[in-house]
Amino acid sequence: MENSKIIKQNQKSIGFIDIRIPEKSDPNKNRTSIRGTGFIISKDGVFATNAHVYLEIPENEKQFLGFNIMSKTDEKGIISYSRYQIELLKLDKENDLALFRIKSSEKTFFEPVKSLGDLEKNNEGDEMLILGFPLATEMLVMGFGITSVANQCIISAIKRKGQDGSLHFFLIDTHVNLGASGSPIFSKNNGEVVGIVSGRIGIKIPIPNLQENKALEIPANMGICRPVNYLKDLINN
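Residues numbered from 1 in each chain as written. Predicted model: local features only at pLDDT ≥ 70, side-chain atom pairs only at ≥ 80, totals over all residues. Heavy atoms only, no water.

A. Region of interest: the overall build of the protein chain. When its secondary structure is counted, the protein chain shows 4 helices and 12 strands. On C-alpha atoms alone, the protein chain measures out to a radius of gyration of 18 Å, which is about the 18 Å that the 2.2 N^0.38 rule sets for 237 residues. Each principal axis of the C-alpha distribution contributes one length, and for the protein chain these read about 55 × 55 × 40 Å. Within the protein chain, the fraction of its 237 residues that count as buried is 43%. A separation of at least 24 residues holds for 63% of the contacts in the protein chain among residues at least 6 apart in sequence. Accessible surface computed for the protein chain: about 13,000 Å², of which carbon and sulfur atoms make up 47%. Averaging the locations of the 29 positively and 28 negatively charged side chains of the protein chain gives two centres separated by 4 Å. (Helix = DSSP H or I, 4+ residues; strand = E, 2+ residues; numbered from the N terminus. Rg over C-alpha atoms; globule rule 2.2 N^0.38 Å. Buried < 20%, exposed > 50% of the residue type's maximum accessible area, 1.4 Å probe, protein only. Contact = heavy atoms within 4.5 Å. Areas by Shrake-Rupley, 256 points an atom, 1.4 Å probe, with all protein chains shown as cover. Lys, Arg positive; Asp, Glu negative; His and termini not counted. Charge placed at Lys NZ, Arg CZ, Asp CG, Glu CD.)

Spelled out as structure tokens, the structure:
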């Protein structure tokens, strides 16, 4: 399936999770931090992301959480986003998954991703496409605005649990940047979501003369992903 077709079918379903904390000196100004990516799975605004995206936020900041999704594209090709308050529905800490629901005062219908697939029907070496918002906060600081990014990769390895052979996680051959957590991974065979980006692998090298416990992280072209099968279990249970 062509990358452009997968993007076109699903770009309105993928958004970013942020925290907007009002400045004490000026309540009309906010301090914004983009924490991860999420994707809508139902018309009533339920969306999925990683559990760690939520759990790593300080308790006193969780009230400022929001989810932003594409609302329109103008004649110049400029994309606008609508922001919504959200509520936590379910957490699966073991598989690093979370379900949220958008809170909207109006009867709003949202566009879910086209289909949730089955990782068991995919193999190592199969081509994938990731859609998300990696380094979104950094892109904002650099003046590039909100930027949705597509990234090609393959399944490098599928890992199974030793006790029963069930799916555990899988690896992809690309580095996972901050902000990409929760991004859906689409199979290029049929455009179905087969996994969720969850973590990154890197090598930390201590740097002399820096503060204690500080190190330089050398990224590796390996990312950790969670099978969509566990997301479907979370939805159904």
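B. Structural context of the packing of aromatic side chains. Considering all chains together, one arrives at 7 aromatic pairs under this definition. With a centroid separation of 3.9 Å and an interplanar angle of 5°, the aromatic rings of Phe 47 and Phe 67 are classed as stacked. Highlighted residues: Phe 47 in strand β3 (residues 46-49) and Phe 67 in strand β4 (residues 65-73), separated in sequence by 20 residues. Ring geometry for Tyr 81 against Phe 133: centres 6.2 Å apart, planes inclined by 70°, an arrangement best described as edge-to-face. Of the two residues, Tyr 81 is situated in strand β5 (residues 79-92) and Phe 133 in the loop between β7 (127-132) and α3 (136-141); the sequence distance between them amounts to 52 residues. For Tyr 81, a relative accessible area of 22% corresponds to the partly exposed category. Phe 133 gets classed as buried once you look at its relative accessible area, which sits at 1%. By the ring-pair criterion, three or more aromatic residues cluster together here, those being Phe 47, Tyr 54, Phe 67 and Phe 100. Residue placement shows Lys 62 over the ring face of Tyr 54; its charged tip is 4.1 Å from the ring centre. (Phe/Tyr/Trp six-rings, centres within 6.5 Å; stacked < 30°, edge-to-face > 60°. Lys NZ or Arg CZ within 6 Å of the ring centre and 35° of its normal.)

C. Quick look at the sheet that holds strand β1 (residues 14-22). Reading around the circumference, β1-β2-β3-β6-β5-β4 is the order of the 6 strands in this closed barrel, with antiparallel pairing throughout. If you compare each strand with its neighbour and ignore which way they point, the axes differ by 45° on average. Alignment of β4 against β5, held across 7 bridges, turns out to be antiparallel. Pairing of Met 70 across the sheet is with Tyr 81, part of β5. Along the sheet, helix α4 (residues 228-236) makes contact with β2 (30-40), β3, β5 and β6 (97-103), crossing β6 at roughly 55°. (Pairing = 2+ DSSP bridges. Axes fitted to C-alpha atoms, helices over the stretch in contact; angles between N-to-C directions.)

D. Structural context of the nonpolar core. Counting 37 residues, the largest nonpolar core has Phe 39, Leu 99, Phe 170, Ile 185, Phe 186, Val 197 and Leu 231 as its most contacted members. Sequence-distant contacts of Phe 186, defined by excluding residues within four places in its chain, comprise Ile 6, Asn 10, Ile 14, Val 113, Glu 127, Met 128, Leu 129, Leu 131, Gly 191, Glu 192 and Val 193. Core analysis: the next-biggest nonpolar cluster, separate from the first, contains 17 residues, Ile 40, Ile 69, Ala 98 and Ile 102 among them. (Core = buried A, V, L, I, M, F, W, Y, C linked by side-chain atoms within 4.5 Å.)

E. Representation of unusual backbone geometry within the structure. In this model, Asp 96 sits at a positive phi of 55°, which is unusual for a non-glycine residue. As for its placement among the helices and strands, Asp 96 is situated in the loop between β5 and β6.

F. Here's a closer look at the side chain of Lys 188. Following the sequence through the fold, Lys 188 ends up in the loop between β10 (184-187) and β11 (193-206). Under the relative-accessibility criterion, Lys 188 is labelled buried at 14%. Within polar-contact distance, the side chain of Lys 188 engages the side chain of Asn 3 at 3.1 Å. Not counting chain neighbours up to four residues away, the residues in contact with Lys 188 comprise Met 1, Asn 3, Ile 6, Glu 127, Met 128, Leu 129 and Gln 152. (Polar contact = N/O pair within 3.5 Å; in protein donor to acceptor, adjacent residues only side chain to side chain.)

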